[in-house]
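Fold and contact review
The primary structure of each chain is shown beneath.
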Amino acid sequence: MKKETQYILLFLIFFVLIKIFFFIDFEPRTDQAHQIGWIYKIVNSTHFLGKDVLNEPSKIFYDFQGLIYEIFKPTFFYGNLHANYFHLAPILIASFLTKISSISPIFIFNFLSIISSFFCFYFLIKILMQLYYDEIKKNLIFFILIFFSFCFLNWYGFIFSQLGVHNISSLVILLNFYYYLNLKNLNFINLGAIFALSSLFHQINFIILFVFYTLILIEASINFRQ
């Protein structure tokens, strides 16, 4: 199984390199154009917070090119919380990497999504191996065929992997699952903090992880009563 897993990982690396070659400078569309524009404004902000804002807080609404203003204007001022507030974390990560590297926001945005797709497959394999190791070992060929079919035949998975924040958010969901599977002890404060942070990657993260952690709480309550 170890050798087969290594072959799969080598394939994933090759798969990601192909996507980087074809899609690293792919021009954004619709929501992605807005998100990259948001990153561009954050990176090119000229000050942290205007001096006038400290004396008159209402002037935050006119503090153009201020870092705080450029972060929170799209988040709260556009009346589009599901597409801005719940995408705040990947926007800030991409903005930080763009700032320290001086690389184009388009390159950073696309690279983050593509490399996240690699780690999505990686952690998916890790989770499946941990949960269904014996079943996969008995049906290894079938598992590999399904895995490769998913990589090659899934239009969404290949063609659009570089567009948007969905790959990054999917990786965060899988990291939550993987973290829970490897928990030694339940710490509800840590889980709550992880849930709150993970929800800032995508609105679907909030929905899926809310259900996930609610079931964990119900299970823990039942075990405690027993």
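Rules of the game
- Residues numbered from 1 in each chain as written.
- Predicted model: local features only at pLDDT ≥ 70, side-chain atom pairs only at ≥ 80, totals over all residues.
- Heavy atoms only, no water.
- Salt bridge = Lys/Arg side-chain N within 4 Å of Asp/Glu carboxyl O.
- Helix = DSSP H or I, 4+ residues; strand = E, 2+ residues; numbered from the N terminus.
- Buried < 20%, exposed > 50% of the residue type's maximum accessible area, 1.4 Å probe, protein only.
- Phe/Tyr/Trp six-rings, centres within 6.5 Å; stacked < 30°, edge-to-face > 60°.

1. Some points on the pattern of salt bridges
For the structure on display, the rule yields 2 salt bridges. Between E56 and K59 there is a salt bridge, and its shortest N-O distance comes to 3.7 Å. The shortest N-O distance in the salt bridge between K73 and E70 comes to 3.9 Å. In this pair, K73 and E70 both sit in helix 4 (residues 67-76), 3 residues apart, roughly one turn of the helix. For the residue pair K73 and E70, the accessibility class agrees, reading buried in each case.

2. Overview of the packing of aromatic side chains
Counted under the stated rule, the structure contains 15 aromatic pairs. Arranged with centres 6.5 Å apart and planes meeting at 85°, the rings of F119 and Y122 form a pair that is edge-to-face. Of this pair, F119 and Y122 both sit in helix 7 (residues 105-138), 3 residues apart, which is roughly one turn of that helix. Ring geometry for F123 versus Y178: centroids 5.3 Å apart, planes at 65°, classification edge-to-face.

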